[in-house]
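Given next are the chains, with one letter for each unit.
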Amino acid sequence: VECETTTVVRPVCMAPPPAPEPALSTKDCTKEFCENQLTPEYLLRYQISVPTDTTLDVCDGCIISMELIYDGEAWVGIGISPTGLMEGANTILGVPAYGIVKKFNSTGD
């Protein structure tokens with residue numbers, strides 16, 4: 001990922017090429033962590049907590065717990081968007097060199 005910092009101290013990044021389609025998991029990701037090897041270097045582990053008053057299909061109030069694992073030292077980020085676009089996405093970035101994790105609300109600018 002190539003990034004530059006703007007004068008507003010907002011990272012501007014080029015997205016990596018899309019990862020190959022993952023194999024469908026046979027695990028129940030509501031009971032244990034599921035894994036998705038995004039690239040040879042990045043592993044995503046996740047689990048979905050579903051409240052008792054909803055279903056996985058509706059998932060009202062569900063919580064997803066994620067770990068993005070990289071064997072090395074680099075910043076990592078996860079973005080979640082209702083539209084698949086950067087605008088309106090919630091983004092979490094971790095920078096190990098500084099020991100910080102920050103959440104951003106992306107504007108798409």
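Residues numbered from 1 in each chain as written. Predicted model: local features only at pLDDT ≥ 70, side-chain atom pairs only at ≥ 80, totals over all residues. Heavy atoms only, no water.

Draft legend 1. Representation of the state of the cysteines. Counted according to the given criterion, the structure contains two disulfides. Covalent S-S linkage joins C59 and C62, the inter-sulfur distance amounting to 2.0 Å. Residues C59 and C62 are joined by a disulfide whose S-S torsion is about -105°; by sign, that bridge is left-handed. In the chain, numbering the disulfide-bonded cysteines from first to last in sequence yields the connectivity 1-2, 3-4. (Disulfide = S-S within 2.5 Å.)

Draft legend 2. A look at the sheet that holds strand β3 (residues 34-37). Taken in spatial order, the three strands make up an open sheet running β3-β4-β5, and their pairing is antiparallel. One side of each edge strand has no neighbouring strand; the edge strands of this open sheet are β3 and β5 (63-70). Taking the axes of each pair of neighbouring strands and ignoring which way they run, one obtains an average angle of 20° across the sheet. Here β3 runs beside strand β4 (residues 42-49); their pairing, made up of four bridges, is antiparallel. Bridge assignment links N36 to a residue of β4, and that residue is L44. (Pairing = 2+ DSSP bridges. Helix = DSSP H or I, 4+ residues; strand = E, 2+ residues; numbered from the N terminus. Axes fitted to C-alpha atoms, helices over the stretch in contact; angles between N-to-C directions.)

Draft legend 3. Region of the structure containing the pattern of salt bridges. Inspection of the entire model under this criterion finds three salt bridges. E35 is the salt-bridge partner of R45, the closest N and O atoms lying 3.3 Å from each other. Of the two residues, R45 sits in strand β4 while E35 sits in strand β3, which places them ten residues apart along the sequence. In this structure R45 comes out as partly exposed when scored by relative accessible area, which is 22%. Assessed through its relative accessible area of 48%, E35 is described here as partly exposed. For E67, the salt bridge is made with R45, and the minimal N-O distance between the two is 2.8 Å. Here the residue E67 occupies a position in strand β5, and R45 occupies one in strand β4, the gap between them amounting to 22 residues. According to the relative accessible area criterion, E67 is partly exposed, its value standing at 34%. Salt bridges here are not isolated pairs; linked through shared partners, they connect E35, R45 and E67. (Salt bridge = Lys/Arg side-chain N within 4 Å of Asp/Glu carboxyl O. Buried < 20%, exposed > 50% of the residue type's maximum accessible area, 1.4 Å probe, protein only.)

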